[in-house]
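Given next are the chains, with one letter for each unit.
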Amino acid sequence: MNNQKATVLFHDALQRAVEVSLRWRREIPTKITLVRDLRGRIRPVLSGRRDELDTAALDGYRQALTDSLGRYGFPSQRALLFEDELAEPDVILAERRPLGDEPEREGLFLLDRQVIGQDWMRGSLARTTTNPRVTFYGIKGGVGRSTALVNWAWHLAEQGKRVLVFDLDLESPGVSSTLLSEQHRPDFGIVDWFVEDGVGQAAFIEPELVGISPLAQDLAGEVMVVPAYGQLTGGYLPKLARCYAEFSGSQPMSWAERLNRLVESLEQRHAPDVVILDSRAGLHDIAAVLVTRMDADTLLFGIDSGQTWAGYRMLFEHWNRHPNVEAFRHRLQMVASLVPETGRDEYLRRFREHAWDVFRDQLYDQAEPEDLEAFSFDLHDEAAPHVPWPIFWHRALQEFDPAQGGIDARTAQESLGRFMESLDQWLLATAVEERS
């Protein structure tokens, strides 16, 4: 780039805005919220009134921002706003977060306006139901997440439990068709509920959202499935394009809040012992909601590859700045999927080390060993979330289709036995914790 020195790129702009703001804090003793808009441009909103602050200092701050931010700033005369000039400052600034906890950054905030990705930084949603929830998530697809989910649902039903499964991989629904044959699919699915909720009539179709999986028909328990789509859905893509809207009837409501309403309503209606939420892979907002906001324990699926650890490191680094990371980091658990037939011990040793690297660097507290309150684990601590629950590769699962022949108990035990045993122990500990 011929104009490299004068060009400011997106990844530099925020740090420049912070540096300029810190330099002018003495002359402008007020709270500063850096608002980054959908194009990445940054403009501070100051608390207090414009006429209460030094005019020369404000002029200097404005010009410094304009000079420093390039295309990611605003012309000097438009470079600053004040809270009392906003129509509803409490609403507009509700989701701002502190820009660090250093003393010199006290009173400095960021409000990041994004088309997607905002849910990765929002807090947990309140709920009234008490049944355990588990999210199945992977940073990459194709790692056997759905196969593990189906086998565990069957395993729970074998124990006499009522399981409610939500197929929330809406862009690529798979659990629905694996657990439900066409004749067992209900009339409607999740996309139908969101579209009808948008006009205030979700209650009309809610009784027709759950199908009973024939997979558990001879077992003591039951597997209930809320599919992505139903027999009467029709027009799936037009509905999918509308189901992420942030309104319910005539009321504004985030997609996350709407999803929580749906899940709670069906929990109350069907009284499951366990709810399983199947998440889309990757960094989509659906995953953000299911992993960090739904009061669920989350299984993080992966294989020991550079792509896996680069993806989780990027995600964990983002979580490291999450204002409520303490509320969900203890509910994460790594799963080593598709562990090869040979060299298993060595493979799991490498997996553990790579998982520990990203947890240690981004999510674990830097603490002394005697600090028992710290969220920190040794490499070999078997109770640590970085220590993987293994799922072993099995030839019979490469063409896994339980709709044609059901679940083979021997295959399930050989491949997923240790994984399901770990989940059984978790479920028991959850029940004990709830009773206490």
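Structure's up top.
The paragraphs below set out a description of the structure included in this document.

Procedures and definitions
Residues numbered from 1 in each chain as written. Predicted model: local features only at pLDDT ≥ 70, side-chain atom pairs only at ≥ 80, totals over all residues. Heavy atoms only, no water. Helix = DSSP H or I, 4+ residues; strand = E, 2+ residues; numbered from the N terminus. Buried < 20%, exposed > 50% of the residue type's maximum accessible area, 1.4 Å probe, protein only. Lys, Arg positive; Asp, Glu negative; His and termini not counted. Salt bridge = Lys/Arg side-chain N within 4 Å of Asp/Glu carboxyl O. Polar contact = N/O pair within 3.5 Å; in protein donor to acceptor, adjacent residues only side chain to side chain. Contact = heavy atoms within 4.5 Å. Pairing = 2+ DSSP bridges. Axes fitted to C-alpha atoms, helices over the stretch in contact; angles between N-to-C directions. Core = buried A, V, L, I, M, F, W, Y, C linked by side-chain atoms within 4.5 Å. 1 Å grid on protein atoms, 1.4 Å probe; cavity = no way out; pocket = protein on both sides within 12 Å on 5 of 7 lines; lining within 4 Å. Points joined across faces, edges and corners; volume = space filled by probe spheres on them. Nonpolar A, V, L, I, M, F, W, Y, C, P; charged D, E, K, R; others polar. Expected span 1.5 Å × (residues − 1).

What about the side chain of R105?
No. 1: With respect to the helices and strands, the residue R105 is situated in the loop between β4 (97–98) and β5 (108–112).
No. 2: We note that R105 is buried and unpaired, the nearest opposite charge coming from E102 at a distance of 4.1 Å.
No. 3: Looking at R105, its side chain comes within polar contact range of the main-chain oxygen of L99, at 3.2 Å.
No. 4: The residues contacting R105, other than those within four sequence positions of it, are Q15, V18, L22, L99 and G100.

Re the sheet that holds β5
No. 1: Here we have 5 strands laid out as an open sheet, ordered β3-β2-β1-β5-β4, and mixed in their pairing. Both edges of this open sheet fall to β3 (81–82) and β4, since each of them pairs with a single strand only.
No. 2: With 5 bridges connecting them, strand β1 (residues 32–36) and strand β2 (residues 42–46) associate as antiparallel partners. Bridging across to β2, T33 finds its partner in V45.
No. 3: Relative to β1, helix α1 (residues 10–23) is tilted by about 165 degrees, and along the sheet it contacts β1, β2 and β5.

Quick word on the pattern of salt bridges
It is possible for side chains of opposite charge to pair when their charged atoms get near one another.
No. 1: The tally for this structure, following the rule as stated, stands at 30 salt bridges.
No. 2: Of the charged contacts, one joins E267 and R127 as a salt bridge, the two residues approaching to 3.8 Å between their closest N and O atoms. Pair noted here: E267 is in helix α9 (residues 255–270) and R127 is in the loop between β5 and β6 (133–138), with a separation of 140 residues, a long-range link. For the pair E267 and R127, one class covers both residues: buried.
No. 3: The partner of D365 in a salt bridge is R329, and the shortest N-O contact between them spans 3.1 Å. Of the two residues, D365 sits in the loop between α12 (344–362) and β15 (389–392) while R329 sits in the loop between α11 (306–319) and β14 (332–339), which places them 36 residues apart along the sequence.

Focus: the environment of A367
No. 1: If you trace the backbone, A367 turns up in the loop between α12 and β15.
No. 2: Sequence-wise, A367 and F377 are 10 residues apart; in three dimensions their C-alpha atoms are separated by 9.7 Å.

Comments concerning the sheet that holds β14
No. 1: One open sheet holds the 8 strands; their spatial order is β8-β9-β7-β12-β6-β13-β14-β15, and the pairing between them is mixed. The open sheet has two edge strands, β8 (211–212) and β15, and neither has a second partner.
No. 2: In this structure, β6 lies alongside strand β12 (residues 274–278), joined through 4 bridges in parallel fashion. Pairing of T135 across the sheet is with L277, part of β12.
No. 3: Helix α4 (residues 145–158) contacts β6, β7 (162–167), β9 (222–226), β12, β13 (297–302) and β15 of the sheet and is inclined by roughly 170 degrees relative to β12.
No. 4: Sitting on the sheet, α9 is in contact with β6, β7, β9 and β12, with an inclination near 155 degrees to β7.

Some words on the nonpolar core
No. 1: The biggest cluster of nonpolar side chains holds 36 residues, and the ones touching the most others in it are F136, W152, V165, I276, L299, F301 and F419.
No. 2: Looking at this core element by element, the count peaks at 8 residues for α4.
No. 3: Ranked by size, the runner-up nonpolar core spans 33 residues in total, among them V191, F194, V210 and L262.

Observations concerning the environment of E257
No. 1: On the secondary structure map, E257 appears in helix α9.
No. 2: Accessibility expressed as a relative area gives 38% for E257, which makes it partly exposed.
No. 3: Residues E257 and V289, 32 residues apart in the sequence, show an inter-C-alpha distance of 9.3 Å.
No. 4: Within the local environment of E257, its side chain forms a polar contact with the backbone nitrogen of S254, the two atoms lying 3.0 Å apart.

What to know about the layout of surface pockets
No. 1: A volume near 1100 Å³ is recorded for the largest pocket.
No. 2: Contributing to the lining of the largest pocket are 41 residues, with D297, H330, Q333, W389 and W426 lying nearest its centre.
No. 3: Breaking the lining of the largest pocket down by element, the ones donating at least two residues are β6, β13, β14, α12, β15 and α13 (409–435).
No. 4: Counting residues per element, the lining of the largest pocket draws most heavily on α13, which supplies 10 residues.
No. 5: Of the residues contributing to the lining of the largest pocket, the split by class is 18 nonpolar, 10 polar and 13 charged.

Considerations on unusual backbone geometry
No. 1: Of note in the backbone geometry, D295 takes a positive phi value of approximately 55 degrees without being a glycine.
No. 2: Tracing the backbone shows D295 in the loop between α10 (285–292) and β13.
No. 3: Unusually for a residue other than glycine, L338 sits at a positive phi of about 55 degrees.
No. 4: Mapped onto the elements, L338 comes out in strand β14.

Focus on α9
No. 1: The terminal C-alpha atoms of α9 lie 23 Å apart, and with 16 residues this matches the ideal 22 Å at 1.5 Å per residue to within 8%.
No. 2: Counting buried residues along α9, 12 of its 16 residues qualify, which places the element largely inside the surrounding structure.
No. 3: Within α9 the residues assigned to the buried category are W255, A256, R258, L259, N260, L262, V263, E264, S265, L266, E267 and H270.
No. 4: Downstream of α9 by a residue or two, A271 has a phi angle that is positive, lying close to 45 degrees.

So, the pairing of β12
No. 1: Within β12, 5 of the 5 residues are buried, which leaves the element mostly enclosed by the surrounding structure.
No. 2: Burial along β12 is two-sided: the residues V274, I276 and D278 and V275 and L277 are all buried.
No. 3: Two elements, β7 and β12, share 5 bridges in a ladder whose sense is parallel. Pairing of D167 across the sheet is with D278, part of β12.

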